[in-house]
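Structural features, examined
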Amino acid sequence: MKAIPYGRQNIDQNDIDAVVETLTSDFLTQGPKVKEFEERFAAYVGAKYAVAVNNATSGLHLAVLALDLKKGERVITTPITFAASANCIKYAEGEVWFADIDSKSYLLSLKKTKELIESKPRGFFKGIIPVDFAGLPVNLEAFRELANEHDLWIIEDAAHSPGGYFIDSKGNKQMCGNGKYADIAVFSFHPVKHIACGEGGMITTNSEILYKKLSLLRTHGITKENMIENHGGWFYEMQELGYNYRLTDIQSALGITQLLKNNEGVKRRNEIAINYKVALKGKVKYQNLPDGYLNAHHLFVIEVENRKELYDFLRAKNIFAQIHYIPVHNLPYYKEIGYEDADLNNSENYYSKCISLPMYPTLTNEEQQFVIEKVLEFIDD
Ligand SMILES: *Cc1c(COP(=O)(O)O)cnc(C)c1O
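Just so it is clear, the structure is predicted and the values come from calculations on it, not from any experiment.

Some words on the site of the ligand
The environment of the ligand is formed by 15 residues, the closest being Thr57, Asp157, His160, Ser188 and Lys193. The contact in question runs from an oxygen atom of the ligand to an N or O atom on the side chain of histidine 160, over 2.7 Å. Here the ligand loses 93% of its free accessible area of 380 Å² to cover by the protein chains. Listed by contribution, the elements that provide at least two residues to the shell around the ligand are helix H3 (56-66) and helix H4 (84-91). When its residues are assigned to classes, the shell around the ligand shows 6 nonpolar, 7 polar and 2 charged.

Here it is, written out as structure tokens:
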């Protein structure tokens with residue numbers, strides 16, 4: 001059996017043709033493919049605006065800047081995420097505060113977030129960055145209610161969840177990144193994520209003001225619109241200190257063909273999830289899925305007591321399971337800032353047991369059966 005990774009991209013001839021076509025076109029960057037990708041992506045998630053960026057980390061950076069995060073201002077996120085969800089706060093010299101996860105969904109706990117907010121004076125926090133961890137959508141309607149009570153913004157880190165949705169209190173589907181409850185959402189197009197661009201990201205929002213700020217900051221803060229002066233056709237103004245966080249047309253062309261396959265990919269991911277659940281039910285713990293929600297399943301995580309032994313056992317069988325994630329507050333950079341006293345027991349307990357089994361659309365049934373067999377062999381031993 002060849003090596004089985006925990007995740008991998010799915011590139012077919014359509015993707016290759018789209019990239020080759022762009023390579024021989026007039027634009028390698030800042031051309032029509034970027035715009036097309038943005039429009040298609042916004043339509044896919046049901047948001048008004050989308051801004052393509054060179055990766056999700058840049059997208060998160062621009063998101064906090066567009067929401068005007070300033071030095072020393074405090075933002076809450078989850079410890080069970082990739083470091084970038086918290087790092088964006090530090091880029092703006094803000095303060096990261098962690099609230100614990102819910103031990104059943106593994107998502108940022110609404111209850112813990114509320115307790116943390118209410119333990120501080122009004123105005124103490126500026127925003128919340130919940131993460132659709134593993135692809136399970138956060139109930140943003142509930143977070144919005146809390147955020148409104150305390151005048152906070154919300155950035156949805158949707159790196160794991162393109163195509164996922166939750167069900168709101170009226171029974172409506174709310175697609176991840178649709179901008180209905182979060183101010184801004186950010187997606188990643190790293191190859192282990194659903195849509196592979198090599199590197200890439202997308203920011204979505206329903207706010208025209210935020211859309212304009214994000215677009216300006218993506219390209220150095222340079223614009224030809226709303227200028228104070230105008231010396232002629234060549235003239236532009238740098239109105240803010242921005243960045244070069246642009247996505248290329250080559251990557252956007254790939255993003256478009258990848259996006260067109262996303263529903264199929266999410267469907268296959270859910271078949272794989274059901275196979276795991278059927279085979280492992282009652283033997284291991286896994287993420288619970290509220291009724292009606294669609295988990296986009298970037299990951300399939302199980303919890304086991306002797307996690308390191310299982311990790312090593314699977315590796316020896318050429319199955320490259322992975323751990324998601326080392327709690328961010330325990331990474332040396334954050335440890336040094338000092339989160340020893342934070343009450344993050346659910347996150348730490350989860351980390352001691354979690355392991356992500358292979359999950360990607362091209363995982364064959366035969367490969368998955370082999371993985372299941374080995375996991376059962378280990379557990380039943
Ligand atoms: C992958 C990931 C990011 C960062 O994505 P990049 O495109 O690699 O910058 C941010 N947040 C989460 C939750 C991620 O998994």
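Re the packing of helix H9 (residues 262-280) against helix H13 (residues 365-380)
Between two packed helices, what matters for the description is the angle formed by their axes and the separation of those axes. Put simply, H9 and H13 touch, their axes get as near as 11 Å, and they point 30 degrees apart. Classified by the interaxial angle, the pair formed by H9 and H13 is roughly parallel. Pair H9 / H13 crosses with right-handed handedness. Together, Arg268, Ile272, Asn275, Tyr276, Ala279 and Leu280 of H9 and Asn365, Gln368, Val371, Ile372, Val375 and Leu376 of H13 make up the contact between the two elements. A breakdown of the residues in the contact of H9 with H13 according to their chemical character gives 8 nonpolar, 3 polar and 1 charged.

Some words on the UniProt feature "active site" (unreviewed entry) in the chain
Taken from the UniProt record, the annotation "active site" (unreviewed entry) applies to Lys193. Position of lysine 193 among the secondary structure elements: in the loop between strand E9 (184-188) and strand E10 (201-205). Aside from chain neighbours lying at most four places away, what touches lysine 193 is Ala159, His160, Ser188, Arg269 and His298.

Regarding the pattern of salt bridges
According to the stated counting rule, one finds 21 salt bridges in the structure shown. Between aspartate 68 and lysine 70 there is a salt bridge; the shortest N-O distance is 3.1 Å. A relative accessible area of 43% places aspartate 68 in the partly exposed class. Among the charged side chains, a network of salt bridges with common partners joins Asp12, Asp15 and Lys261.

Re the side chain of asparagine 178
The residue asparagine 178 is located in the loop between strand E8 (173-175) and E9 in this model. Note on asparagine 178: relative accessible area 12%, which makes it buried. Once you skip the residues sitting within four places of it in the chain, asparagine 178 turns out to touch Val45, Gly46, Ala47 and Asn206.

Criteria and thresholds
- Residues numbered from 1 in each chain as written.
- Predicted model: local features only at pLDDT ≥ 70, side-chain atom pairs only at ≥ 80, totals over all residues.
- Heavy atoms only, no water.
- Near = heavy atom within 4 Å.
- Polar contact = N/O pair within 3.5 Å; in protein donor to acceptor, adjacent residues only side chain to side chain.
- Areas by Shrake-Rupley, 256 points an atom, 1.4 Å probe, with all protein chains shown as cover.
- Helix = DSSP H or I, 4+ residues; strand = E, 2+ residues; numbered from the N terminus.
- Nonpolar A, V, L, I, M, F, W, Y, C, P; charged D, E, K, R; others polar.
- Axes fitted to C-alpha atoms, helices over the stretch in contact; angles between N-to-C directions.
- Parallel < 35°, antiparallel > 145°, perpendicular 65-115°, else oblique.
- Left-handed = near helix turned anticlockwise from the far one by under 90°.
- Contact = heavy atoms within 4.5 Å.
- UniProt positions renumbered as here; feature names shortened; annotations may be inferred.
- Salt bridge = Lys/Arg side-chain N within 4 Å of Asp/Glu carboxyl O.
- Buried < 20%, exposed > 50% of the residue type's maximum accessible area, 1.4 Å probe, protein only.

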